[in-house]
Amino acid sequence: MFTNKTVLDRYLSLPIPDNTTQCMYVWIDGTGEHVRAKTKTVDFIPKSPSELPIWNFDGSSTGQAEGSNSDVYLYPVALYRDPFRLGNNKLVLCETLQAQPQARRSDVPSPVSTDTNFRHTCKEVMDKAAEQHPWFGMEQEYTLLDSDQHPFGWPKNGFPGPQGPYYCGVGASKVYARDVVESHYRACLYAGVMIAGTNAEVMPSQWEFQVGPAEGIRMGDDLWMGRFLLHRVAEDFGINVSLDPKPIPGDWNGAGCHTNFSTLAMREKGGITHIEKAIEKLGSNHAHHIKMYDPNEGRDNSRRLTGRHETSSIHDFSAGVANRGASIRIPRQVAEEGYGYLEDRRPSSNCDPYRVTEAIVRTTCLD
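Just so it is clear, the structure is predicted and the values come from calculations on it, not from any experiment. (Residues numbered from 1 in each chain as written. Predicted model: local features only at pLDDT ≥ 70, side-chain atom pairs only at ≥ 80, totals over all residues. Heavy atoms only, no water.)

Draft legend 1. Spotlight on the nonpolar core. Tyr 142, Met 225 and Leu 229 are the most contacted members of the largest nonpolar core, which totals 67 residues. Among the elements that line this core, the one with the most residues is helix α4 (residues 218-236), at 9 residues. Mapping this core onto the domain boundaries places at least three of its residues in each of domain 1 (5-116) and domain 2 (129-365). Sequence-distant contacts of Leu 229, that is, excluding residues within four places in its chain, are made with Pro 83, Phe 84, Leu 91, His 184, Ala 187, Cys 188, Ala 191 and Val 193. Within the second largest apolar cluster, 11 residues are counted, among which are Cys 23, Leu 52, Val 72 and Leu 74. (Core = buried A, V, L, I, M, F, W, Y, C linked by side-chain atoms within 4.5 Å. Buried < 20%, exposed > 50% of the residue type's maximum accessible area, 1.4 Å probe, protein only. Helix = DSSP H or I, 4+ residues; strand = E, 2+ residues; numbered from the N terminus. Domains from an automatic or database assignment. Contact = heavy atoms within 4.5 Å.)

Spelled out as structure tokens, the structure:
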């Protein structure tokens, strides 16, 4: 059932007092996959997350605390423009903490974080590697589902035609729910998320958006906010978003979050040498990275990384030029020019970008 959006617009267009801002606090819940949000009114227009108050929520209702000790703190870390309420209103990405810090983030010990707050250690690692200027670009694949959790646009009692015509497809018989995709793209641009592009994927009703290039901690921040915006936009259309890495069993592509990575040395002339060294290190730590690349330590990804449907086997590490069946792909242009970046094709669509980017930097930059 849908509410009347025209009626909603009547109220959203009402003026609010000067210097009054609605700030929607957004955080990762206890699943490590989903986001939650609630709104606070402040009597100023925030320019930085550090200006906003620390807030709290009932962690026993989000899988992040026991009922007998349920208060979990929301610590603002990144600020975005609100594409739904417009004006000076803000979206506020937050870390979740088990105790209220007495100082700003740099002075807070990591044990205060909740079990699914991986941003804190990621930020520490990115700060240590700052002189190497790690850049990331992440390709977020997702599947759109109808209210009955069946892929949107698919026949209710069957399947669409085989894969082939849907990737980057055009036309009503090849792509579904482009309205959601275009709306999400504009929402990201308005909010300040570094969205780089989007395309229809190999399986019908599966899409992808790319975020980056982003340096350091911003990669994780912007991807999580991009995911929030995707869920929130799809909500307006009555459509659900799945980040499951293998939403439909059988001869259908899974969903990943391919991660493009480079350091300053890789991007400079002769950088291919540094790329090859990084690949060697990644290969030596394959098992550890697999555990970091989905929220269930590889169990989700095992349904996707089978060696079929443009994936490598979860059990083996491989690398190759222009090879989409390898663990690590070196783009052909990079191989020809001798510098650039690598693509790690192993992360799952439901990965935590903080864990993925932290693992890559720990392995390749900090040994």
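Draft legend 2. Local environment of the packing of helix α2 (residues 119-128) against helix α9 (residues 353-364). Where α2 contacts α9, the two axes come as close as 9 Å, and the packing angle between them is 30°. It follows that α2 is roughly parallel to α9 by the angle criterion. Where α2 crosses over α9, the handedness of that crossing is left-handed. When α2 is examined against α9, the residues Arg 119, Thr 121, Cys 122, Val 125 and Met 126 are found in contact with a partner set consisting of Tyr 354, Thr 357, Glu 358, Val 361 and Arg 362. Tallied by class, the residues present in the contact of α2 with α9 amount to 5 nonpolar, 2 polar and 3 charged. (Axes fitted to C-alpha atoms, helices over the stretch in contact; angles between N-to-C directions. Parallel < 35°, antiparallel > 145°, perpendicular 65-115°, else oblique. Left-handed = near helix turned anticlockwise from the far one by under 90°. Nonpolar A, V, L, I, M, F, W, Y, C, P; charged D, E, K, R; others polar.)

Draft legend 3. Layout of the pattern of salt bridges. The final tally for this structure, using the stated rule, is 17 salt bridges. The shortest N-O distance in the salt bridge between Lys 156 and Asp 146 comes to 3.1 Å. Here Lys 156 is found in the loop between β6 (135-145) and α3 (178-191), whereas its partner Asp 146 is found in the loop between β6 and α3, with 10 residues between them in sequence. Judged by relative accessible area, Lys 156 falls into the partly exposed class, the value being 45%. The salt bridge involving Glu 358 is made with Arg 362; its shortest N-O contact spans 2.7 Å. One end of the pair, Glu 358, and the other, Arg 362, are both in helix α9, 4 residues apart, so they sit about a helical turn from each other. Shared partners join several salt bridges into a network, and the residues in it are Lys 5, Arg 232 and Asp 236. (Salt bridge = Lys/Arg side-chain N within 4 Å of Asp/Glu carboxyl O.)

Draft legend 4. Layout of unusual backbone geometry. Here the bond from Gly 212 into Pro 213 is cis, since omega is -5°, no more than 30 degrees from zero. Residues other than glycine seldom take positive phi values, yet Asn 19 does so here, at roughly 60°. As for its placement among the helices and strands, Asn 19 is situated in the loop between α1 (5-12) and β1 (21-28). Assessed through its relative accessible area of 47%, Asn 19 is described here as partly exposed. One non-glycine residue, His 309, lies in the positive phi region at around 55°. Within the fold, His 309 resides in the loop between α7 (286-292) and β11 (319-321).

Draft legend 5. Here's a closer look at the layout of surface pockets. Taken as a whole, the largest pocket encloses approximately 340 Å³ of empty space. Mapped onto the lining of the largest pocket, the elements with two or more residues apiece are β6 and β8 (206-215). In terms of residue class, the lining of the largest pocket is built from 3 nonpolar, 8 polar and 10 charged. The volume enclosed by the second largest pocket comes to roughly 260 Å³. (1 Å grid on protein atoms, 1.4 Å probe; cavity = no way out; pocket = protein on both sides within 12 Å on 5 of 7 lines; lining within 4 Å. Points joined across faces, edges and corners; volume = space filled by probe spheres on them.)

Draft legend 6. Structural context of the domain arrangement of the protein chain. Considered domain by domain, the protein chain is made up of domain 1 (5-116) and domain 2 (129-365). Computed from C-alpha atoms alone, the centre-to-centre distance between domain 1 and domain 2 is 27 Å. Tallying the contact residues gives 20 residues for domain 1 and 20 residues for domain 2. In this assembly, domain 1 packs against domain 2 so that about 1,800 Å² is buried in total across both faces, 68% of it on carbon and sulfur atoms. If you sort the residues of domain 1 by the area they bury against domain 2, Glu 33, Tyr 80 and Phe 84 come out on top, with a joint share of 35%. For Asp 236, the salt bridge goes to Lys 5, with nearest N and O atoms at 3.4 Å. The tally of links from domain 1 across to domain 2 stands at 6 residue pairs in polar contact (both at pLDDT 80 or more). Only β1, β2 (35-42), β4 (71-81) and β5 (90-97) provide two or more residues apiece to the side of domain 1 that touches domain 2. (Buried area = accessible area lost by both parts, 1.4 Å probe. Polar contact = N/O pair within 3.5 Å; in protein donor to acceptor, adjacent residues only side chain to side chain.)

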